[in-house]
Amino acid sequence: MIEIERKFLVKSDAFKAEASTKTLLIQGFLNTHKARTVRVRIKGEKGFLTVKGISSKDGLSRFEWEKDISKTDAESLLKLCEPTIIEKVRYEVTIGKHVFEVDEFFGDNEGLIIAEVELSSEHETIKKPDWLGTEVTGQIQYYNSQLSKQPYNTWK
């Protein structure tokens, strides 16, 4: 139940031509405490409840527990979430043996595009596509829980 991932800014929309899927995600946070976050997500027609623990010092890994819930339950729980609800489209792009999840944000986070790739170990190497930009792994302001509190459009 440990998630290991790297996170990058995306510098062009070339990933869209390589994407195998495109899905709308709506999510909010019931809790954004530093030591734990509780997220509610609607992904297509499915709902999810996720608990994440504190990140390692380098930001590469942290505890993650996720449970499928009904879309109706997720819609109800979103009404209880802290401000701001996040809306984004997720594109899945396979590069070599890895799947990059590229999130294009809307609403208060419009203009931000982030790619995440899950790894099986912290030392695993990845092939970086040309559209991948600066690595932001471990930079807390890019965590979705923080984007809900301090959206991208307020960063100036």
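Above: the structure in question.
For every chain, the first residue of its written sequence is number 1, and the numbers climb from 1 along that sequence. pLDDT decides what is reported in this predicted model: residues at 70 or higher carry local features, side-chain atom pairs at 80 or more are listed and counted, and totals for whole chains, interfaces and linings draw on all residues regardless. Derived side-chain values reflect all non-hydrogen atoms in the structure, with water molecules and hydrogen atoms excluded from consideration.

Caption draft 1: Here's a closer look at the pattern of salt bridges. The term salt bridge refers to a pairing of a side-chain nitrogen on Lys or Arg with a carboxyl oxygen on Asp or Glu at a separation within 4 Å. Counting across every chain of the model gives 13 salt bridges. A salt bridge links aspartate 103 to lysine 88; the nearest nitrogen and oxygen atoms lie 2.8 Å apart. Highlighted residues: aspartate 103 in strand E7 (residues 98-105) and lysine 88 in strand E6 (residues 82-95), separated in sequence by 15 residues. Lysine 88 matches aspartate 103 in its accessibility class, with the two residues each being buried. Salt bridges here are not isolated pairs; linked through shared partners, they connect Glu3, Lys52, Arg62 and Glu64. Going along the chain from the N terminus, every DSSP run of H or I of four or more residues is numbered as a helix, and every run of E of two or more is numbered as a strand. A simple rule labels every residue: compare its accessible area, found with a 1.4 Å probe on the protein chains alone, to the largest value its type can have, and call it buried under 20%, exposed over 50%, or partly exposed in between.

Caption draft 2: Looking closely at the environment of glutamate 118. When you line up the elements, glutamate 118 lands in strand E8 (residues 113-118). Sequence-distant contacts of glutamate 118, that is, excluding residues within four places in its chain, are made with Glu3, Ile4, Glu5 and His98. In this analysis, two residues are considered to be in contact whenever any of their non-hydrogen atoms come within 4.5 Å of each other.

Caption draft 3: Structural context of the pairing of strand E5 (residues 61-69). Pairing analysis gives 3 bridges linking strand E1 (residues 2-10) to E5, with the strands arranged antiparallel. Residue pairing for E5: isoleucine 4 is matched across the bridge by serine 61. Pairing between strands is defined by DSSP: at least two bridges between them are needed. Taken together, the 6 bridges between strand E4 (residues 46-53) and E5 define a ladder with antiparallel strand orientation. Bridge pairing links lysine 52 to glutamate 64 in E5.

Caption draft 4: Quick look at the nonpolar core. Think of a nonpolar core as a cluster: buried Ala, Val, Leu, Ile, Met, Phe, Trp, Tyr and Cys residues, connected wherever their side-chain atoms sit within 4.5 Å. Within the largest apolar cluster, 17 residues are counted, with the highest numbers of intra-cluster contacts made by Val10, Phe15, Phe100, Val102, Ala115 and Trp131. Not counting chain neighbours up to four residues away, the residues in contact with valine 102 comprise Val10, Phe15, Val89, Arg90, Tyr91, Val93, Ile113, Ile114, Ala115 and Trp131. Leu112, Ile114, Tyr142 and Leu147 belong to the second-largest nonpolar core, a separate cluster that totals 8 residues.

Function cannot be inferred from these measures alone, as they are strictly geometric.
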